[in-house]
Structures are given as C-alpha cells and as structure tokens.
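Residues per chain, in single letters:
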Amino acid sequence: MAGSMVLEKERLVSILENAVKSVITYLRSGQVSFEVVKEGSFGDVSKEFDVMAESIVVRNLIASGLRDFILVSEESGVTTYGSSPKWIIVLDPLDGSYNYEAGIPWSSVSIALAPYKADAKVADIEIALVAEVCRDRVYKYVKGMGCFDNDSLCRRLSKPSKIILGYFEDLRTYEVIPAYWSVKGKTKVRSLGSAALDLIYVGLSRVEGFVDIRARLRNVDVAAAIAIAESCGAKTYLCDGESATELRISDLTKVKCLIAGFNEDIARTLVSIVKNLNLAPS
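Heads up: these notes are all about the structure in this document. (Residues numbered from 1 in each chain as written. Predicted model: local features only at pLDDT ≥ 70, side-chain atom pairs only at ≥ 80, totals over all residues. Heavy atoms only, no water.)

## Observations concerning the pattern of salt bridges
Tallied over the entire structure, the rule returns 19 salt bridges. One salt bridge in this structure joins E8 and R11, with 3.0 Å as the shortest N-O distance. Taken together, the positions of E8 and R11, both in helix α1 (residues 2–27) and three residues apart, correspond to about one turn of that helix. For E8, a relative accessible area of 29% corresponds to the partly exposed category. In this structure, D151 engages K140 in a salt bridge whose closest nitrogen and oxygen atoms are separated by 2.9 Å. Of this pair, D151 sits in the loop between β9 (146–149) and β10 (152–153) while K140 sits in strand β8 (residues 138–142), and the two are eleven residues apart along the sequence. On the basis of relative accessible area, K140 is assigned to the buried category, the value being 6%. Several salt bridges share partner residues, and in doing so they unite E17, K21, K140 and D151 into one network. (Salt bridge = Lys/Arg side-chain N within 4 Å of Asp/Glu carboxyl O. Helix = DSSP H or I, 4+ residues; strand = E, 2+ residues; numbered from the N terminus. Buried < 20%, exposed > 50% of the residue type's maximum accessible area, 1.4 Å probe, protein only.)

As structure tokens, this is what we get:
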C-alpha cells in the first residue's frame, strides 16, 4: 500500500511539473501576445499571455487524466472539472507579469494540489511547485518527502544575506524598515516583483525576510510558495499573527498582509513591528 501511494504521488508531481514546464515553454517561445483581453476576478487586467498560460495548464491536466478537480486560479476564479472533485488545484500561471512583459528575469509559475474539501488550507497542500520562467529551476514540496530544488533536496544556507524583500504601497509602510534595523541591524531592501519567488528565497535562507502589507496579494499568488518555504524551514505569518499555512485555498481570496522570516525570530520580529506601527490593513 505504501509503495502504491508513493507511486501515485510521483505521478501527480509529474503531471503538475509537465503542465508548468509547458507554460514556461510557451512564455519563452517569442510567440506571446501582450494584448489586454479581459478584467480578472479582482478587477485586475488580464493579458492574452495570462489567459493562454492558464489554458495550457488546464489542457495538460485534463490530457494527463486528472479530470476531477476544482481549479482556483487568478484568471478564472473557481472552476470545477468533472462531477466529483477529488483535488483542489491552486494556480498562478504567471506571477511577475510586469517583470515578464518588461523583460526583467524575475517571474514564476506556481501550482499546488490538495485533497478536496470545502475549507481546505495551505496546510492541506500535498504537492507544490514554483518554477522560474527565465531559468531552469523548479522548486517543489512533496508531503512526506521534503522540499526540492529541481530534483535535489533543498540546501539552506547556514546564514542568510542581510536582505529584506518587500512591497510597500506608500511612504508610511516603509517605516517597517528602520524599525527592523533598530532591532536587527542594517539590511539591504529589495522589491523584486514576484512574491512567490521571494518566499522561496526566504525558505532557502538566501535572504532574511519578506513583508507585504499592500493588501494586493491573492492566495493563488503565494499558496504554493508558502508550502515550499515552510517545508524548507521558513516561518510565514499573516499580520494578525496567525500562521500563513491557515490561509484558505478553496476559493479566490485576498491576502491583506503576509510576512516571512528565514526563522521564527525574524518572522515574529516583523509581525511585531507591523502590529506596533499599526500598519496591518484593516
């Protein structure tokens, strides 16, 4: 029984990875249109490459035989495939669209799979993948097996670089940084453009932490990355102090505030600063 379960999990990983790699092949093809085609579920503009990327994933999943699932996606919201869903699949077909369109090499494709239930959370994710669009790197979490960088177990740095990654909506939200410096010392600050990849780098302890208090992220943007980062050893929180692994994934929702640290101390320090400065979105 145990052997058959491992084989099934490996089959599912292969299905998701093939779907993701098909999207990346398309995005690198040079045959991509940047035309605006519709408005997304939260009022965001969708361009043809966003819609096409999602379509490629769905076609690959169905062709693989994975038919009974609910897809939660940035472009389409919630869509049911089949009559009796067995899985929830959370998809962001392109995180870092502005970077991608501008030719800045920091964008990613994210997908995660969890057993279907109405109140499914990030903690229920069994397989998660985040793939870089511009490099041949696929970061994976497989429940019971660990986290992987391509096909090798992830190796965390013993000490991260003194860098905080973040996104800030106005000048006041930058107050997080000097407050953090007063506790932990000076760091560099970077705003790179793909929250999923940012979280992966926190998980790999390449950087100290991550903070986003814009209330513009959605669960599909970060669900897979949270699962991977946590499995690597990072700690992720919402700004009320609740673990980000409690984030709901059964429908499309906004993430008002997200914080991550390469360890518990860094994450809790950032949570405390955001609370003390009263910066968490209401």
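Now that the structure is up, let's keep going.
## Notes on the nonpolar core
In this structure, I125, F210, V222, L258 and V274 are the most contacted members of the largest nonpolar core, which totals 67 residues. Here this core gets ten residues from one element, more than from any other, and that element is helix α6 (residues 219–232). With near-sequence residues (within four places) excluded, F210 lies in contact with L165, Y167, A195, D198, L199, V202, L258, I259, A260 and L270. (Core = buried A, V, L, I, M, F, W, Y, C linked by side-chain atoms within 4.5 Å. Contact = heavy atoms within 4.5 Å.)

## Structural notes on the side chain of D149
As for its placement among the helices and strands, D149 is situated in strand β9. You can call D149 buried: its relative accessible area is 12%. At a separation of 2.6 Å, a polar atom in the side chain of D149 contacts the side chain of R137. Setting aside chain neighbours within four positions, we find D149 in contact with R137, V138, Y139, C154 and R206. (Polar contact = N/O pair within 3.5 Å; in protein donor to acceptor, adjacent residues only side chain to side chain.)

## Comments concerning the packing of aromatic side chains
The final tally for this structure, using the stated rule, is seven aromatic pairs. For the ring pair F69 and Y81, a centre distance of 4.9 Å and an interplane angle of 25° mean the geometry is stacked. Taken together, the residues span a long stretch of sequence, with F69 in strand β3 (residues 69–73) and Y81 in strand β4 (residues 77–81) at a distance of twelve residues. An aromatic cluster of three or more residues is present, and its members are F34, F49 and Y100. Lying over the aromatic face of W181, K186 brings its terminal NZ or CZ to 4.8 Å of the ring centre. Taking NZ or CZ as reference, R206 lies 5.3 Å from the ring centre of Y201, over its face. (Phe/Tyr/Trp six-rings, centres within 6.5 Å; stacked < 30°, edge-to-face > 60°. Lys NZ or Arg CZ within 6 Å of the ring centre and 35° of its normal.)

## Observations regarding the sheet that holds strand β12 (residues 188–190)
One open sheet holds the five strands; their spatial order is β12-β11-β13-β17-β15, and the pairing between them is mixed. The outermost strands of the open sheet, each flanked by one partner alone, are β12 and β15 (235–238). Across the sheet, the mean angle from the axis of one strand to that of its neighbour is 20°, orientation sign disregarded. Sheet topology places strand β13 (residues 207–212) next to strand β17 (residues 258–261); four bridges connect them, and they run antiparallel. Opposite F210, over in β17, you have A260 as the bridge partner. Sitting on the sheet, helix α5 (residues 195–203) touches β11 (161–167), β13 and β17, and the angle it makes with β13 is about 145°. Of the strands in this sheet, β13, β15 and β17 are in contact with helix α7 (residues 264–276), which crosses β17 at around 150°. (Pairing = 2+ DSSP bridges. Axes fitted to C-alpha atoms, helices over the stretch in contact; angles between N-to-C directions.)

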